[in-house]
Amino acid sequence: MIGASSLFTVAVFAPLFGAIIAGLFGAGLFGPSIGDRGARAVSVGLMVLATVCGLGALSGALSQGSPTLAVPVSDWIQAGGFRAPWTLRFDMLSVEMVAMVTLVSTLIHIYSIGYMSHETNPVSRFFAYLSLFTFAMLMLVSSDNLIQLFFGWEGVGLASYLLIGYWYDRPSANAAAIKAFVVNRVADLFFMVGIALLFALFGTVSYDNIFALVPDHQAAMYHLFGTDMRAYEVIGVLLFIGAMGKSAQLFFHTWLPDAMEGPTPVSALIHAATMVTAGVFLLARMSPLIEFAPVTKDLVVLIGASTCFFAATVGLVQPDIKRTIAYSTCSQLGYMFMACGVGVYQAGMFHLTTHAFFKALLFLGAGSVIHALHDEQDMFKMGGLARKLPVTCAVMWIGSLALAGIPPFAGWWSKDAIIDATFIAGTGPGYYGWLLGSLTAFLTALYSGRLLFLVFHGKPRDAQLAEHAHESGPVILGPLVVLAIGAAFAGAAFAPWFIGGRQAGFWNGAIFTAPGNAVLASLEQVPVLITLVPTVLALLGAATSYYAYVAKPELPARLATQYGSLYRFLLNKWYFDELYDRIFVRPYEAIARLFWHVGEEDIAEGVPDGIGRLTSGGSMQLVRVQTGSIAVYAFTMLIGLVVLISTFLVFR
Amino acid sequence: MHLPLLSLVTFLPLLGALVLLLVRGTPDGAPRASSDTARWIALWTSVVVWLLSVVLWLSYDPSVAGFQFQQRVDWMPALGISFHLGLDGISLLFVLLATTLTPIAILASWRLIDSRVRDYMLAILLLETTLIGVFAALDFVVFYVFYEATLIPASLLIGVWGGPKRVFASLKFFLFTFGGSLFMLIALIAMWQIAGTTDIPTLLATHFTPHAQGWMFLCLVLAFGVKLPIFPLHGWLSDAYAEAPAPATALIAGVLSKAGAYGFLRFAISMLPDASHRAAPWMIGLGIVAVIYAAAVALAQTDMKRMIAYSSFSHMGLVLVGLFTLNAAGVAGAVFQMLSHGIIIAGLFLAIAMLTSRVGTGEIAGFGGVAHRMPRLATLAMLFAMANIGLPGTGAFVGELLVMIGAIQVGFWVALLSGMSMILGAVYMLVLYRRVMFGAAKSALGVLRDLTGPELAVLAPLALITLWMGIYPSSFTRVFDPGVRVLAQMEHDSQHAPQQAMLPGLSEAAR
């Protein structure tokens, strides 16, 4: 048992060393340099080490029956009655995430060697950021208390900010980076307040202690907005708002599509295995608490289902290949939240894992296309690339089939389980989730097909562009093939462990299911007709996309002009950005200016300045702070002392 | 304790200043090297002081209650006034903050200041003595004298070596603080009248009537509120911070402003618990206003230094909130926030100075793409910016977290609104960073040389301390935590509050 947990520790910390070495010595900023090549080698090498250790820890955990261990590292914060140590938590939830994150991240590191090879500037900074990001994510998933989770949480926020803005010459990249950071911070504030409230209630932030105390405080009420609410619901909603920010759920989703300004491997890392899934992970991690907050769970289903549908409609009309995939991420995260909301966190984690494979694959595949076309991202300029990019095309097909939920690819297993679960839950929000989830299955297949047909099939729309296209090298294709294997088989392979017969032993308490919650157990009892609905809709969606983009390619354009307002509504992402600009950004800028010019210049500084001018008038001129003025100060000081001492003498 | 270590730490800078008087001042226009003697004397003095203060830190025993390293010399025994010095865990760390920032400020001034170097160094060393004296004083009169005395070197530093509006800024700074101090004098005399002594440990044990407490508290708010500053007593701040030479700004914003907060903690909260409880909602309100208002004003600024000046104001608002939560977590958070803020704000002001001294302007609009030319500066500035935002792993996070833990025990909205600094701070810092560092390199900026070795020696220690405070804060909390807990317990007892009511709004239904 010692072995597995120390492998686990190495897996978590190896990327940190990679980041430090590549960052400090790659470009030789602060001393000796190991060169760009050296930095890449160290960073990738340590990632490979992390992956080996991560997978080793996973197999160790499996062979030992998923034990739960704490690996203390050091003291951290300990003051004012508050305590949060640095401790790693070794249980199936964290081990599974560490194995998956290190594996996907390593593939992305390797891929980046090829993808960033045309950069004129040194790329050691890029690899340092990638490794830093991975470390932060690993700290997040392996945390033993909420504060350490928040450390990782903010760490991935920082790294994503740095990565999105990697090409800092580009104004759009800088704007997107700031947007990502700030939108996340808004959600993080609520998260932080939630943690504070949780500490106030339980007197601890470490998971084991919280979970042990959950039964004791069930009846606790918290007075807010003039009424008494159950404290668990308030905490649950606050934590969920934090999760919404990181996982780009509706109202907090605006940063995610813009984040496509970063290099493509970044999109894969942020949107596939890691950052955006942190919210889902949080709910699974806090399942012992969330299970006792039914209102929160309903809210999670409602938001998840709405996001799922909303993002799919927007993804349907985007011309940019990466933005299409970004919206699909948003949409798939909605599915994961739905699963958590109906109490089947296991299915949420399952979809999270399969999604990591096929979404990383899709992004990296898109990157391969973009790379081949010299940074062209507009799908309406592509077409007919299947012959030029055969491997990329094949893996993109696999990834898209997995995403669309076509059996037997990975996505089908996890997505179907979620949609079935929403039906079985039998609640109002559950049916809402089932309805939108099923509709979205159709939309998902439709936009996935649209992407494939626009990019790889039909006639090239830009002959010159297609002419110069070339398949990528093995450094890029290798990771794609590995991920494609995952996208094809991970569903069938993992299903028994994550949600099937072996799940109880697999999770071994890492995910909590409330005694009355039988949704997971009754998954098999869903009526056959109902289980077929999403699959049939997905096939229909795929058929529709074939009809619209291959058989009748003029149809989409005609529809777009015919329903112009709807098309623009979708194309402009339901006008969320414009709305936020009007109600948040511009008013705040106006207030800032008002405070400065009126509050500061006229009042806080203006009034004293005015008084000073009135009273001193000409004498101000005399008090030049020049050589002689030391005397003035000393004199004033002396007066003060004289007043002081004489007062003492008088009052004596 | 044979060696009078604390007196040595307090007065060694003064000795250094006296030695500097023996050095012949060099006229303006003399070769730089002729002032090197003065620079070296100042640096060595401050380094020795720093080493001695580290000895204090290491030999402090947190498990012993009360003040340590005490020294007492009768001054006016008939009046109950003595020259009394001593440290508890809280003041010890502020002394350490002052002694750490001073050599760094001196090093940062090395090339930045080349007129009247001897006088400048003299002023810096005098400022150090007075700052240490403020935190080490165990007699209110001694405290008052040191507190007033800080004004002389600080005003001189602004008024002689500052920017174009230096005279005005210096006068305003002086008059504001001096005006506030008059009220402290009133409170001091009132306390002495009642207690018959100005000895701080005795005053701490004295119970003042609630009525007297109210008036004394009001006086202290005016006195320390100017320094902290409390909204709306901050009229001096932006001019003083912006006009002072950066190393002096680092000391004023980093240490001197903490003297105000320290005064609140030592005198207002510890000696006047009833009045503190009554005034706490108002003080927290003022703190929240400062947090949000100053953050908004910061965003609108067009000058880098002024933006950071308002950022500092915003963070001190958070300190005020933490102090007046009057519970252990909040006060511990405030103390930690003060320490980490002192380091971070110094780092930011000094980093900006390294940029402005190369270009000759602090106008944000004049910059762009600096990261291309100065990657070292960009890296360190990013660290300080993120620390200022309160990212976990940096010292600021620990302070903000604890303040929030304390704030939620006062109320939900207190926590949420004071936490707005998390968002608003990120907005102005990232916007500033983008405008200055990112984008295409402006050709108008010409050739910018990246940080030199001595400049790295200024920023790197601050960066390392920032990370240290974020990753292993126990080195610091260990020292002050017992004192904070005792204080919070006293507050608690003074209210005779039932033990259970720790969280307003929270109730456990009968089970």
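Parameters at a glance
- Residues numbered from 1 in each chain as written.
- Chains lettered and ligands numbered in written order.
- Predicted model: local features only at pLDDT ≥ 70, side-chain atom pairs only at ≥ 80, totals over all residues.
- Heavy atoms only, no water.
- Contact = heavy atoms within 4.5 Å.
- Salt bridge = Lys/Arg side-chain N within 4 Å of Asp/Glu carboxyl O.
- Polar contact = N/O pair within 3.5 Å; in protein donor to acceptor, adjacent residues only side chain to side chain.
- Helix = DSSP H or I, 4+ residues; strand = E, 2+ residues; numbered from the N terminus.
- Nonpolar A, V, L, I, M, F, W, Y, C, P; charged D, E, K, R; others polar.
- Buried < 20%, exposed > 50% of the residue type's maximum accessible area, 1.4 Å probe, protein only.
- UniProt positions renumbered as here; feature names shortened; annotations may be inferred.
- Domains from an automatic or database assignment.
- Buried area = accessible area lost by both parts, 1.4 Å probe.

A. The interface of chain A and chain B, seen in detail. Facing 77 residues of chain A, the contacting portion of chain B comprises 102 residues. If you look at where chain A meets chain B, you find 0 salt bridges. On inspection of chain A and its partner chain B, the count reaches 9 residue pairs in polar contact (both at pLDDT 80 or more). When residues in the side of chain A that touches chain B are grouped by element, the largest group, 17 residues, is from helix H6 (residues 171–202) of chain A. Among the residues making up the side of chain A that touches chain B, the classes are represented as 53 nonpolar, 12 polar and 12 charged.

B. Structural view of the environment of Ser368 of chain A. Residue and element names in this part refer to chain A. For Ser368, the location among the structural elements is in helix H15 (residues 345–372). Looking at Ser368, the relative accessible area reads 0%, which means it is buried. Side chain to side chain, Ser368 and Thr392 meet in a polar contact 3.0 Å long.

C. Inspection of the UniProt feature "domain: NADH:quinone oxidoreductase/Mrp antiporter transmembrane" (unreviewed entry) in chain B at higher detail. UniProt tags residues 137–419 of chain B as "domain: NADH:quinone oxidoreductase/Mrp antiporter transmembrane" (unreviewed entry). For residues 137–419 of chain B, the end-to-end C-alpha separation is 34 Å, with 81% helix and 0% strand making up the annotated structure.

D. Geometry of the domain arrangement of chain A. Residue and element names in this part refer to chain A. Domains assigned within chain A are domain 1 (1–144), domain 2 (145–571) and domain 3 (605–652). The centre of domain 1, based on its C-alpha atoms, is set 23 Å off from the matching centre of domain 2. Each partner contributes residues to the interface: domain 1 has 55 residues there, and domain 2 has 62 residues. Summed over both partners, the interface of domain 1 with domain 2 buries about 5000 Å², with 75% contributed by carbon and sulfur atoms. Among the residues domain 1 hides against domain 2, the three largest losses belong to Tyr111, Tyr115 and Phe133. Together they make up 17% of the total. Seen at the junction of domain 1 and domain 2, the total is 2 salt bridges. One salt bridge connects Asp91 with Arg285, and the closest N-O pair in it is separated by 2.9 Å. Where domain 1 touches domain 2, the interface holds 16 residue pairs in polar contact (both at pLDDT 80 or more). Where the side of domain 1 that touches domain 2 is concerned, the elements lending two or more residues are strand S1 (69–79), strand S2 (82–90), helix H3 (92–115) and helix H4 (124–141).

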